[in-house]
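Examining the three-dimensional arrangement
Residue-level listing of the chains:
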Amino acid sequence: MRRFAIAALAALLAGGAFAQSAAASPVGRWSISAARDDDQSHVQLRIDYSDSSNGNSWNLSWSSPVALSDVGLPADRLRGPVGPVMFRIQREPGSFDCTGSAGEGSGAGQFRYESSARFDDALAWRGLSRPTFQQSLELAIAGTTLAFVDQLRGSSQHPTTADIVRAVQHGVNPNYIAEMRAAGVTKVTAGQLVTLRDHGVTPRYIGDLAAAGYKNLGTDDLVALRDHGVSVAFVDRLKSHGYANLSVRDLIRLRDSGI
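Residues numbered from 1 in each chain as written. Predicted model: local features only at pLDDT ≥ 70, side-chain atom pairs only at ≥ 80, totals over all residues. Heavy atoms only, no water.

**Description of the nonpolar core**
Counting 41 residues, the largest nonpolar core has Leu 196, Leu 225, Val 230 and Leu 251 as its most contacted members. Those residues in contact with Val 230 that sit more than four places away from it in its chain are Tyr 205, Leu 225, Val 235, Leu 251, Ile 252 and Arg 255. Ranked by size, the runner-up nonpolar core spans 24 residues in total, among them Ile 89, Ala 102, Tyr 113 and Ala 140. (Core = buried A, V, L, I, M, F, W, Y, C linked by side-chain atoms within 4.5 Å. Buried < 20%, exposed > 50% of the residue type's maximum accessible area, 1.4 Å probe, protein only. Contact = heavy atoms within 4.5 Å.)

In C-alpha cells form, the structure reads like this:
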C-alpha cells in the first residue's frame, strides 16, 4: 500500500507539471479501483473536477462501474506493478487525457479534458447550442452519444442542450426512453421525462395502470399516483368492492385515507 502511495504522489507531482504545460486546459482527478463484485472485466471509475475560475465555482463528482475496455488503460498495466501511466478515455463529447500512477489493481492521477469539436458541430447541425465546457464534461462523463441525443429528441418536444445534460444527470438513459415510448409516453418534454424518472414512474407501472383502465394519463397524474402509493393491486381491490371507474383524484383520496 505504501509503495502505491509513494508512486501515486510522484505521478501526481508529475501531473502538476503536465497541467502547467497545458495552461489553457483545466485539470481534474481520476481514480480507478476494483469493481465491487470482483468482475475482472469492470473497474470502478471515479472522476472529480472543481473549477473556481471567473468567479463561477462548481464541482463535479462521479463514480460508476465501467468496462475496463472503455477506460483506455490496458488490463495488464492496471494489474501489474505500480508505475506511472498515461492513457486516454475517449467519449463522443470529448476525451480525458490522464496521467498518474496505476498498478496492483488500482490507480489515481489527474486528467485534462478536451471537448470534441465534431460532437459540438453535430449538436449545432441539429439546431442545438454548442455545450459549455461544464456541459460537455458532464455529457462525456455520462457517456452520452449522438444516437442518444437523437433518441431523446425523437421522444420529447424540442429539447435543448441543457435539457440533454439534465436528462443524463437524472439517469434518463436509452433503455428508459425506449421502454417509456413503447408504453405510450411520447408527447412529453425532456423535463417531464426527468420528472417521471425521479419519481419512480416506470414503463411497467404505466402499463399496469393502462391494463386496469387508466390509459393515456398525463405526467402530473402519473407522478401523483406514484407518489401517493396507488398501486394496481389497490385499484383491483377497490374494484372487487364495487368501486370502479374512479377518477385519479378519487384513487389518491381513498389511498390517503387508508382504505
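Structure's up, so let's keep going.
**Brief notes about unusual backbone geometry**
Positive phi, normally seen in glycine, also occurs at Glu 104, with a value near 55°. Mapped onto the secondary structure, Glu 104 falls in the loop between strand 5 (94–103) and strand 6 (106–115). By relative accessible area, which is 48% here, Glu 104 ends up partly exposed. The backbone of Asn 216 sits at a positive phi, close to 55°, despite the residue not being glycine. Turning to its location among the elements, Asn 216 is positioned in the loop between helix 10 (203–211) and helix 11 (219–227). Here Asn 216 falls in the exposed class, since its relative accessible area comes to 79%. (Helix = DSSP H or I, 4+ residues; strand = E, 2+ residues; numbered from the N terminus.)

**Observations concerning the pairing of strand 5**
If a strand is regular, its side chains alternate between the two faces of the sheet. Counting buried positions along strand 5 gives 10 out of 10 residues, so the element sits mostly inside the fold. Pairing of strand 4 (residues 83–91) with strand 5, which is carried by nine bridges, proceeds in the antiparallel orientation. Each residue of the ladder has a partner; that of Arg 88, found in strand 5, is Asp 97. Linkage of strand 4 to strand 5, two consecutive antiparallel strands, is achieved through a turn of two residues. Examined bridge by bridge, strand 5 and strand 6 share 10 bridges and lie antiparallel to one another. Bridge assignment links Thr 99 to a residue of strand 6, and that residue is Gln 110. (Pairing = 2+ DSSP bridges.)

**Here's the deal with the side chain of Ser 101**
When you line up the elements, Ser 101 lands in strand 5. When its relative accessible area of 0% is taken as the criterion, Ser 101 is described as buried. Here Gly 83 takes part through its backbone oxygen, which lies 3.4 Å from a polar atom of the side chain of Ser 101. (Polar contact = N/O pair within 3.5 Å; in protein donor to acceptor, adjacent residues only side chain to side chain.)

**Concerning the packing of aromatic side chains**
Within the structure shown, the criterion is met by five aromatic pairs. On the basis of an interplanar angle of 70° and a centroid distance of 5.3 Å, the ring pair of Phe 96 and Phe 111 is categorised as edge-to-face. In this pair, Phe 96 is assigned in strand 5 and Phe 111 in strand 6, connecting sequence segments 15 residues apart. Neither residue differs from the other here; Phe 96 and Phe 111 are each classed as buried. Seen in terms of ring centroids, Phe 96 and Tyr 113 are 5.0 Å apart; in terms of plane orientation they differ by 50°. Their pairing is tilted. Residue Phe 96 is found in strand 5, and its partner Tyr 113 is found in strand 6; the two are separated by 17 residues along the sequence. You can call Phe 96 buried: its relative accessible area is 2%. (Phe/Tyr/Trp six-rings, centres within 6.5 Å; stacked < 30°, edge-to-face > 60°.)

**Describing the packing of helix 6 (residues 146–155) against helix 7 (residues 161–169)**
Between helix 6 and helix 7, the shortest axis-to-axis distance is 11 Å and the interhelical angle comes to 105°. The orientation of helix 6 relative to helix 7 falls into the category roughly perpendicular. From helix 6, Phe 148, Val 149 and Leu 152 reach across to helix 7, where they touch Ile 164, Ala 167 and Val 168. (Axes fitted to C-alpha atoms, helices over the stretch in contact; angles between N-to-C directions. Parallel < 35°, antiparallel > 145°, perpendicular 65-115°, else oblique.)

**With respect to helix 8 (residues 174–182)**
Because an α-helix packs 3.6 residues into every turn, residues spaced three or four apart end up facing the same way. Listed in full, the buried residues belonging to helix 8 are Tyr 176, Ile 177 and Met 180. All buried residues of helix 8 project into a common sector of 95° when viewed along the axis, lining one side. Every exposed residue of helix 8 that faces more than 90 degrees away from the buried side is listed here: Asn 175 and Ala 182. Just downstream of helix 8 lies Gly 184, where phi reads positive at about 100°. (Arc of directions from axis to C-beta.)

None of this, on its own, says anything about what the molecule does.
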